[in-house]
Amino acid sequence: MENGDHGARFPFPFKPYPIQERFMEALYAALEQRKVGIFESPTGTGKSLSLICGALTWLRDFEEKKREEAATLLQHSERDRKGGGGENVCNGVQKSGQEEERGSSGATTEPDWVSEFVQKRAEREMVNKLKSSEVNEVEKLLQLSKQELSSEEKSHEEEEEGLIVADYESDEEVTTKTRYSIQLHCHYTIQGSTIYYCSRTHSQLAQFVHEVQKSPYGSTVSLVNLGSRQNMCVNPDVARLGSLQLINDRCMELQKNKHDKQNKADLEPKRRRGVAKATCAFSGYEKLMAMRDEVLVKVRDIEQLLQHGRETHTCPYYSTRMAIPAAEVVVLPYQSLLHAATRKASGIKLKDQIVIIDEAHNLADTLTALHSAEVNGAQLCRAHSQLSQYCDRYRSRLKAKNLMYIKQILFVLEGLVRTLGGKVGLNPVTQSTQSGAELLTINDFLFRAQIDNINLFKVQKYFEKSMISRKLCGFVEKYEGKGVNTHSSSVNKENQRIEGLGRFLQSLQNKPAAPPEQQGAVEDRPSMASPMMLVESFLFALTNSNKDGRVVMDKQACLAQSSLKFLMLNAAVHFAQVVQECRAVIIAGGTMQPVADFKEQLLLSAGVSEERISEFSCGHVIPPENILPIVLCAGPSGQELEFTFQTRDTPRMMEETGRVLSNLCNVVPGGVVCFFPSYEYEKRILGHWESNGVLQRLAAKKKVFQEPKKASQVEQVLSEYSRCIQRCSSTGQGQSGALLFSVVGGKMSEGINFSDDLGRCIVMVGMPYPNIKSPELQEKMAYLDKNMPHVDGRSPGKTLVENLCMKAVNQSIGRAIRHRGDYACIVLCDRRYSRTGTLQKLPEWIRSSTHTHSSFGPAFASIRRVRHV
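Remember, predicted model here, so these are calculated numbers, not experimental data.

## Notes on the overall build of the protein
And then number 1: Assigned secondary structure in the protein consists of 33 helices and 18 strands.
And then number 2: Counting every position in the protein, which comprises 869 residues, the buried fraction comes to 51%.
And then number 3: Contacts in the protein between residues at least 24 apart in sequence constitute 81% of all its contacts with a sequence separation of at least 6.
And then number 4: Here the protein has roughly 41700 Å² of accessible surface; of this, 50% comes from carbon and sulfur atoms.

See the structure below:
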């Protein structure tokens, strides 16, 4: 390997740590034995590199084994062909050991030559199958291509059918799919396994790709990086739309325009040319194929793909998807793999593949969120208005079956709006409703909406086949009533003419005349996105089993602000297909504790047997003296620290917390990061400190920063925080570093590295329990209490609340130690952390070094003695 081969078994860019070698050995075994593995390796221990080198070593060994098996079969076939098979079917052929056993036991009475002949024939059939697979696949795909082309011609002949059923694909997209399928399908089937690596954010995926580039496999592996259109579009006219749904709709519209343009040219070459519709200049077939090949020969992250796409005027979104069948590693975000519909749309097939889910501490929450759905009253009314207009405009050109489904969808929308106390056809902003929240089972909600007689499975199929949601983009909602005019079709057409003339005159004033060759190509402006896709997601959610979900009806004073939310209670239902189809699934994270409910609620409930689950957990690479976790039970004045809802808002508790921080800032150099349990409490306690001078005293020692409310400002605050610490460290004068206030579960509690001087001390104020009064959480607890076993007499619902709290804590305190030479202290300010059950839910590498102090003096003394402090 070019970049180094320091591992005896696993190529590595440097000599791996012992825990990295153990990690790769365990990973290799899990892949070989078709396991579902839970791997915990603290951040800073080289988890990503261990995943890369361990998994790719297994993949290369697996491919080599397959090649050897194929070569052996071909050799046997060649010998049989040359020898005529005469010797092998004689009565004198010696029995194998297995056959002798069968003969002696009397298990079979057939002659030896028959068994031998059957075995040889099976081998020949397998060889022939290998030889003919390519031809068969090509024939099938060519036949599929003919069917697709004939169906396209038919759709042009039957225009009303095309309005509803035709897919939004370019003229080249269908043939592109067929061609690259023909070229790559054989490689895909021979290769056998692809590694799908997914993580939560694009920045985490980019970091993984950079690790691959630095690994010994960086120059030889075929890696494809997938992303959404929003992240990968290089067409400036589309990318500037910003919204994911608008970008998706516009992209599909441009593909359809190109498809229609080519078909019209083929079918009616002599017809007078009309106004040309806009198409995408970045999706030419030759360009896409060329970029597909570029993607496969060199590892690139999304930024590098975008740069290459802009330079070559080629779409990275489509070219990367074309490269999936030939890839050894596919890198993609959570939702692209964990959501079945998105997975299907991306062309991802998981049968016998390898899936690695990184940063998986929140996997259950992610699955729940992906399969929950919400739609508000304004969106329901708008969708009904748009679909009504669509139906009226094309009624005479729609077939009876299409009309039937459209009327069913309109009926369903009326029922949904009625459950919120409103009425379709009227402006939702002006409709007042009675406030209140109600939670129903799926069946009860269907009865309440009076849509229990509608087959939602068939409606869902119609949505998928017709793509009706995308066809409503050009319709603006219209309502009856005060302030809203309903136009007749004639008036509406006249208004369209006037508006078109006005836009034309304005364009003459604002822009120079277009060149003659461009005058026929008038850019049709992108349409507004339709909320029907949200309705579609909500209706799809209602097809879940009655026990697996609930519907929350949240009624506000105004219909437009009222909403319907589907709450997914059993995430295992949608994870089952992944674990059942894949050869192996690896669930990895820096902090996977606590794992008991994770196994019970996500794996065992998805049908994974206990024997198939393997667990691996390792310590940190840092020496034990480099970390000092402390449970602080009391403050400097002796005030007991217990931040319950009843005590945390008292002036005494807030002032004692201020004194704890002041003392820590006096002795800890560099950066101190303080986490509060919620934004509300952060606002309250900082307001109190500002009024009594505590904040000013803290600012005199360290410059104070606060987590911003907008995600776009996070990078700026972190940069200023970092520069302040570096400046203070270099000058040694004035303030001794910086103090950063953040919130558990906020923008800085995950994915941010407070390494070295950026995080010499992490302070956790209180325990961040979720809102127990939330109807969603209460229903989830009730579901678990009813369907999950009680362990040691404890309610699964209460255990869920404790685990949610400790998972959030573990993510926050894990921000500090990021590499072997790093060091930090962790202060847990609440005596409840000293409970045995709570301590057990800390990561082992932190728990083993944790000290509990009932008074402040000894704790403060131990912090002063920390190495380098």
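That shown, we press on.
## A short note on the pattern of salt bridges
And then number 1: The full count for this structure, using the stated rule, is 26 salt bridges.
And then number 2: Through salt bridges with shared partners, one network takes in K47, D358 and E359.

## Details of unusual backbone geometry
And then number 1: Non-glycine residue E359 carries a positive phi angle of around 50°.
And then number 2: Residue position: E359 is located in the loop between β5 (354–357) and α16 (363–370).
And then number 3: Classification of E359 as buried rests on a relative accessible area of 18%.
And then number 4: Although it is not a glycine, M467 adopts a positive phi angle of roughly 55°.
And then number 5: If you trace the backbone, M467 turns up in the loop between α20 (456–466) and α21 (489–510).
And then number 6: M467 gets classed as buried once you look at its relative accessible area, which sits at 14%.

## Focus on the packing of aromatic side chains
And then number 1: Following the criterion strictly, the structure yields 17 aromatic pairs and no others.
And then number 2: Between the aromatic rings of F23 and F616, the centroid separation amounts to 5.6 Å while the plane-to-plane angle is 85°, which identifies the pairing as edge-to-face. Of this pair, F23 sits in helix α1 (residues 18–32) while F616 sits in strand β11 (residues 613–617); the two residues are 593 residues apart in sequence, bridging distant segments of the chain.
And then number 3: Pairing F705 with Y721 gives two aromatic rings, centres 5.8 Å apart and planes at 85°, and the pair type is edge-to-face. In this pair, F705 is assigned in strand β14 (residues 703–706) and Y721 in helix α28 (residues 714–731), connecting sequence segments 16 residues apart. Of the two residues, F705 and Y721, both sit in the buried class.
And then number 4: Three or more aromatic residues joined by ring pairs make a cluster, and in this case those are F676, Y681, W689 and F741.
And then number 5: The positively charged end of R9 is found above the aromatic ring belonging to Y28, 4.0 Å away from the centroid.
And then number 6: Against the face of Y823 rests R760, its NZ or CZ located 3.6 Å from the ring centre.

## So, the sheet that holds strand β4 (residues 329–333)
And then number 1: One open sheet accounts for 7 strands, arranged β3-β4-β2-β5-β10-β1-β11; its pairing is parallel. Strands at the two margins of the open sheet, each flanked by one partner only, are β3 (223–225) and β11. Shown here is a sheet whose adjacent strand axes are inclined to one another by a mean of 15°, direction ignored.

## Observations concerning the nonpolar core
And then number 1: The biggest cluster of nonpolar side chains holds 64 residues, and the ones touching the most others in it are Y196, I357, L363, F575, V585, I587 and L603.
And then number 2: Per-element accounting of this core gives the leading share, 6 residues, to helix α11 (residues 285–297).
And then number 3: Ignoring any residue separated from it by four or fewer positions in sequence, one finds Y196 in contact with I324, V330, L332, L337, I348, K349, L350, Q353, I354, V355 and I356.

## Focus: the packing of helix α18 (residues 400–419) against helix α19 (residues 442–449)
And then number 1: For the pair α18 and α19, interaxial distance at closest approach is 8 Å and the crossing angle is 100°. Between α18 and α19, the interaxial angle falls into the category roughly perpendicular. Of the residues in α19, those touching α18 at G415, L416, R418 and T419 are F445, R448 and A449.
And then number 2: The class makeup of the residues in the contact of α18 with α19 is 3 nonpolar, 2 polar and 2 charged.

## Some words on the packing of helix α25 (residues 651–667) against helix α33 (residues 856–864)
And then number 1: It is at 10 Å that the axes of α25 and α33 come closest, and there the two elements cross at 25°. Taken together, the axes of α25 and α33 lie roughly parallel to each other. The handedness of the crossing between α25 and α33 comes out as right-handed. Along its contact with α25, which presents V660, N663, L664 and V667, the element α33 presents F856, F860, I863 and R864.
And then number 2: For the contact of α25 with α33, a count of residues per class yields 6 nonpolar, 1 polar and 1 charged.

## Remarks on α11
And then number 1: Between its terminal C-alpha atoms α11 stretches 19 Å, which fits the 18 Å expected from 13 residues at 1.5 Å a residue.
And then number 2: Inspection of α11 places Y285, L288, M289, M291, R292, V295 and L296 among the buried residues, and these make up the whole buried set. The buried residues of α11 all sit within an arc of 165° when viewed along its axis, so they share a single face. Among the exposed residues of α11, those oriented more than 90 degrees off its buried face are E286 and V297.

## Remarks on the sheet that holds strand β7 (residues 436–441)
And then number 1: Taken in spatial order, the 4 strands line up as β6-β9-β8-β7 in an open sheet, and their pairing is antiparallel. Looking at the sheet topology across the chains shown, the edges are occupied by β6 (373–376) and β7. Across the sheet, the axes of successive neighbouring strands diverge by a mean angle of 15°, strand direction being ignored.
And then number 2: The sheet strands contacting helix α17 (residues 377–394) are β6 and β9 (563–568), and the helix crosses β6 at an angle near 75°.
And then number 3: This element, helix α29 (residues 775–787), spans β7, β8 (549–555) and β9 of the sheet and lies at about 30° to β9.

## What about α17?
And then number 1: When the terminal C-alpha atoms of α17 are compared, their 26 Å separation across 18 residues agrees well with the 26 Å that a helix rising 1.5 Å per residue should span.
And then number 2: Counting buried positions over the 18 residues of α17 gives 14, a clear majority of the element.
And then number 3: Capping the start of α17 is the job of one residue whose side-chain oxygen sits 3.1 Å from the backbone nitrogen of A378: N376.

## Quick look at the side chain of S215
And then number 1: Tracing the backbone shows S215 in the loop between α7 (202–214) and β3.
And then number 2: Relative accessible area serves as the criterion here: at 0%, S215 is assigned to the buried category.
And then number 3: Engagement of the side chain of S215 in a polar contact is seen with the backbone oxygen of V212, the distance being 2.8 Å.

## Quick look at the environment of K703
And then number 1: Counting through the fold element by element, K703 comes out in strand β14.
And then number 2: Given the relative accessible area of 37%, K703 is considered partly exposed.

## Regarding the pairing of β5
And then number 1: Burial of the side chains of β5 extends over both faces: I354 and I356 are buried on one face and V355 and I357 on the other.
And then number 2: Inspection of the sheet shows strand β2 (residues 195–199) paired to β5 by 4 bridges, in the parallel sense. Within β5, the residue paired with Y196 across the bridge is V355.
And then number 3: As judged from the 4 bridges shared by β5 and strand β10 (residues 584–589), these two strands associate in the parallel manner. Residue pairing across strands places I354 opposite A584, the latter belonging to β10.

Analysis parameters
- Within any chain, residue numbers begin from 1 and follow the written order of that chain's sequence.
- For a predicted model such as this one, the threshold for reporting local features is a pLDDT of at least 70, and the threshold for listing and counting side-chain atom pairs is 80 or more; totals across whole chains, interfaces and linings nevertheless cover every residue.
- Excluded from the side-chain calculation are hydrogens and water; included are all heavy atoms of the structure.
- Secondary structure follows DSSP: runs of H or I at least 4 residues long count as helices, runs of E at least 2 residues long count as strands, and numbering of each begins at the N terminus.
- Exposure classes here rest on a 1.4 Å probe applied to the protein chains alone. A residue is buried below 20% of its type maximum, exposed above 50%, and partly exposed in between.
- Only heavy atoms matter for contacts: two residues are in contact if any of them lie within 4.5 Å across the pair.
- Residue exposure ignores everything except the shown protein chains as possible cover, and the areas themselves are Shrake-Rupley values with a 1.4 Å probe.
- Here a salt bridge means any side-chain nitrogen of Lys or Arg lying within 4 Å of a carboxyl oxygen belonging to Asp or Glu.
- For Phe, Tyr and Trp, rings pair up if their centres lie within 6.5 Å, where Trp contributes its six-membered ring, and each pair is then called stacked (planes under 30 degrees apart), edge-to-face (over 60) or tilted (otherwise).
- Think of it as a cone above the ring: NZ of Lys or CZ of Arg counts as a charge over the ring if it is within 6 Å of the ring centre and within 35 degrees of the ring normal.
- Strands are labelled as partners when DSSP assigns at least two bridges between them.
- Fitted lines through C-alpha atoms give the axes, limited to the stretch in contact for helices. The angle between two N-to-C directions lies from 0 to 180 degrees.
- Among buried residues, the Ala, Val, Leu, Ile, Met, Phe, Trp, Tyr and Cys ones that are joined through side-chain atoms within 4.5 Å form a nonpolar core.
- Oblique is the label for any angle not covered by the other classes, which are roughly parallel (under 35 degrees), roughly antiparallel (over 145) and roughly perpendicular (65 to 115).
- Note that Gly is not counted as nonpolar here; it falls among the polar residues with everything else outside the nonpolar set of Ala, Val, Leu, Ile, Met, Phe, Trp, Tyr, Cys and Pro and the charged set of Asp, Glu, Lys and Arg.
- It is the rotation of the near helix from the far one that decides the hand of a crossing: anticlockwise by less than a right angle makes it left-handed, clockwise makes it right-handed.
- For a helix, the expected span equals 1.5 Å multiplied by the number of residues minus one.
- This arc is taken over the directions from the axis of the helix to the C-beta atoms.
- Any N or O atom pair separated by 3.5 Å or less is treated as a polar contact, with the protein-specific requirement of one donor-capable and one acceptor-capable atom, and with residues adjacent in sequence counted only for side-chain atom pairs.

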